[in-house]
Amino acid sequence: MTTASQSLTTLHESLLSERAAGIKQSAVRDVFELSLDPSLVSLAGGNPFLQLLPLEKIGEMAQRIIVEQGPEALQYGSGLGTPELRAQIIDVMAAEGITNVGIEDVVVTNGSQSAQDMACKVFCNPGDTVLCEDPTYVGALNTFEAYQVTARPVGTDENGLIPAALRERIAELRAAGERIKFLYTIPNFNNPSGITLAAERRQEIVEICREAGILILEDNPYGMLRYEGTPAPTLRSLDPENVIYMGSFSKIFAPGLRIGWAAVPTHLFRRFYLAGEAVALCPPTLNQMIISAYLNEHDWKGQITKYNDLYRSRRDAMLAALAKYLPAGVTHTHPEGGFFIWLTLPEGIDTYALLQQGVKAGVIFIPGAAFSPSGQADNKLRLAFCSVDEKTIEEGVQRLSVLLEKGAPQTHQG
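Conventions adopted
Residue numbering note: each chain is counted from 1, following its sequence as written. Local features are withheld for residues below a pLDDT of 70 in this predicted model, meaning they are given only at 70 or higher, and side-chain atom pairs are given and counted only at 80 or more; totals for whole chains, interfaces and linings count all residues. The side-chain quantities take in all heavy atoms of the structure and omit both hydrogens and water. The salt bridge definition used is simple: a Lys or Arg side-chain nitrogen within 4 Å of an Asp or Glu carboxyl oxygen. Here a strand is any run of E in DSSP of at least two residues, a helix any run of H or I of at least four, and the numbering for each starts at the N terminus. The classification of residues rests on relative accessible area computed with a 1.4 Å probe and restricted to protein chains. Under 20% of the type maximum is buried, over 50% is exposed, and intermediate values are partly exposed. With axes taken as lines fitted to C-alpha atoms, and helix axes fitted only over the stretch in contact, angles between N-to-C directions fall between 0 and 180 degrees. Working definition: roughly parallel below 35 degrees, roughly antiparallel above 145 degrees, roughly perpendicular at 65 to 115 degrees, and oblique for all remaining angles. By the definition used in this description, the sense in which the near helix is turned from the far one sets the handedness, with an anticlockwise turn below a right angle giving left-handed and a clockwise turn giving right-handed. Contacts are residue-level and defined by heavy atoms, with any inter-residue pair within 4.5 Å sufficient. Classification used: nonpolar for Ala, Val, Leu, Ile, Met, Phe, Trp, Tyr, Cys and Pro, charged for Asp, Glu, Lys and Arg, polar for all others including Gly. We treat two strands as partners when DSSP finds at least two bridges between them. Buried Ala, Val, Leu, Ile, Met, Phe, Trp, Tyr and Cys residues form a nonpolar core when they are joined through side-chain atoms within 4.5 Å.

S.K.: Tell me about the pattern of salt bridges, residues and numbers included.
M.R.: Scanning the entire structure with this criterion turns up 15 salt bridges. Close ionic contact of Arg152 with Glu178 constitutes a salt bridge, the shortest N to O distance being 2.8 Å. One end of the pair, Arg152, is in strand S4 (residues 150–153); the other, Glu178, is in the loop between helix H8 (163–175) and strand S7 (180–185), with 26 residues separating them in the sequence. For Arg152, a relative accessible area of 28% puts it in the partly exposed group. Of the charged contacts, one joins Arg169 and Glu172 as a salt bridge, the two residues approaching to 3.1 Å between their closest N and O atoms. Highlighted residues: Arg169 and Glu172, both in helix H8, separated by three residues, approximately one helical turn. One network of salt bridges, in which partners are shared, links Asp128, Arg179 and Lys181.

What follows is the structure, given as structure tokens:
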């Protein structure tokens, strides 16, 4: 870099906002770059297996839409989303038992990630607090960080958020003068842990937040991807006035279309959707029309059944491989659905350093610290089973287990 370039860089960095200066590269994205290497077994990415889709049929739908409705499909659209897709989203939510939502409550978003951004923009000032599980979705943590919001973890166990711990956390933080705006939660098949919030806890969680005057941001991209067990009621179905529900077509159809939605309490709706419109103007009309055609002309529920059959087989293959190869002292979750299994290694192991060894050994995963608002997950890691076949899953778990048997790197003390 020339002296002139260095001076310009220094000048421009002095112009950065505090918000921009604090934004960091996602560790998940770093690992995704590695996953492109065909010599590595990637147990890292939560990518749906799109080869199972009727791609030729979808191509024909897209071509027809452009030829027959091109001026509409390629034009600006409503910031709310197309009326047809919003009506169809009501049917998609009904398939999950959510029947207390009207089309007037639904706004189409640029993926559910955009809905998280909208929520922070509408409700949070710098220095505010949001509550969440530990671990939780790294994309949400990045959004909170970008808005200079503090993410405070709430106690969990194998059945998800602990209601008593939530009550105690709210009281503790308010006593310290913190302004709590909402609870962000992934109640079904948490990313990254795979844990599901127990059905018997859900009503109490909703009541605690309502009594405390705290909104709930319910993120449910995996809810239909269930492989065993009985579905529990969504938080939105239990309290439509205090829960903002976020859904996505990324896992049940295709992430590349970048279409999700939010079901927002009526009294908050206008402020919420205007926050998204100010950034993106409108979600892409063509992509919405492709999804509408897919929902109208394809057996989308049957397609989800195909996904579930495939993912169940891959989950079972990973669980079997973990049982077969993992050394003593390593534990893991048993997800009833979703894409992920969460491993806990002995205390003191550094999974970031282990990842570097994994690259050399031909297997990659996501270190747990990327998902932890408390920073207490150095000895944990996330494995994904959705995008690789059963034989490759076993090979990847075996390679990882060999590393652990040799002696994993320790967290630096100092």
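S.K.: How would you sum up helix H7 (residues 138–146)? Please name residues and give values.
M.R.: When you tally the buried positions in H7, you get seven out of nine residues, the bulk of the element. All of the buried residues in H7 are Val138, Gly139, Ala140, Leu141, Thr143, Phe144 and Ala146. One or two positions beyond H7, positive phi appears at Gln148, with a value near 60°.

S.K.: Any details on the packing of helix H6 (residues 111–123) against H7? Residues and values, ideally.
M.R.: Running from N to C, H6 and H7 cross one another at 30°; their axes reach a closest spacing of 10 Å. If you check the angle between H6 and H7, you find them roughly parallel. Remark: the crossing between H6 and H7 carries right-handed chirality. Residues Gln113, Gln116, Asp117 and Cys120 of H6 lie in contact with H7, whose contacting residues are Gly139, Ala140, Thr143 and Phe144. Split by residue class, the contact of H6 with H7 holds three nonpolar, four polar and one charged.

S.K.: Hey, could you go over the sheet that holds strand S15 (residues 380–384) for me, with residue numbers and the actual values?
M.R.: Strand pairs in the sheet, formed through backbone hydrogen bonds, run parallel or antiparallel to each other. If you walk across this open sheet you meet the four strands as S11-S12-S15-S14, and the pairing is antiparallel. The two strands at the open ends of the sheet, each matched to only one other strand, are strand S11 (331–332) and strand S14 (366–367). As paired elements, strand S12 (residues 340–344) and S15 share five bridges and run antiparallel to each other. Each residue of the ladder has a partner; that of Thr344, found in S15, is Lys380.

S.K.: Now, about the nonpolar core: what can you tell me, with residues and values included?
M.R.: Core analysis: the largest hydrophobic core is formed by 81 residues, its most contacted members being Phe249, Phe253, Tyr311, Met318, Leu343, Leu383 and Leu400. Per-element accounting of this core gives the leading share, 10 residues, to helix H13 (residues 300–325). Once residues lying within four places of it in the same chain are set aside, the contact partners of Leu400 are Leu343, Leu354, Val363, Phe365, Leu381 and Leu383. Counting residues in each nonpolar core, the second largest holds 29 residues, with Met118, Phe123, Cys132 and Phe182 among its members.

S.K.: Help me get a handle on the sheet that holds S7, residues and values and all.
M.R.: Read across the sheet, seven strands follow the order S2-S10-S9-S8-S7-S3-S4 without closing on themselves; strand pairing throughout is mixed. Here the strands that pair on one side only, and so sit at the sheet edges, are strand S2 (106–109) and S4. Each strand axis lies, on average, 25° off the axis of its neighbour in the sheet, ignoring direction. As paired elements, S2 and strand S10 (residues 260–263) share four bridges and run antiparallel to each other. Along S10, the bridge assignment pairs Val108 with Trp261. Together, S2, S7, strand S8 (215–219), strand S9 (243–248) and S10 form the strand contacts of H6, whose direction differs from that of S9 by roughly 155°. Those strands touched by H7 are strand S3 (129–132), S4 and S7, and its axis lies near 160° from that of S7.

S.K.: Outline the environment of Ile290, supporting the account with residue identities and numerical values.
M.R.: In this fold, Ile290 is placed in helix H12 (residues 285–297). A residue is classified by how much of its surface remains accessible, and Ile290, at 10% relative accessible area, is buried. Between the C-alpha atoms of Ile290 and Lys360, which are 70 residues apart in sequence, the distance is 42 Å.

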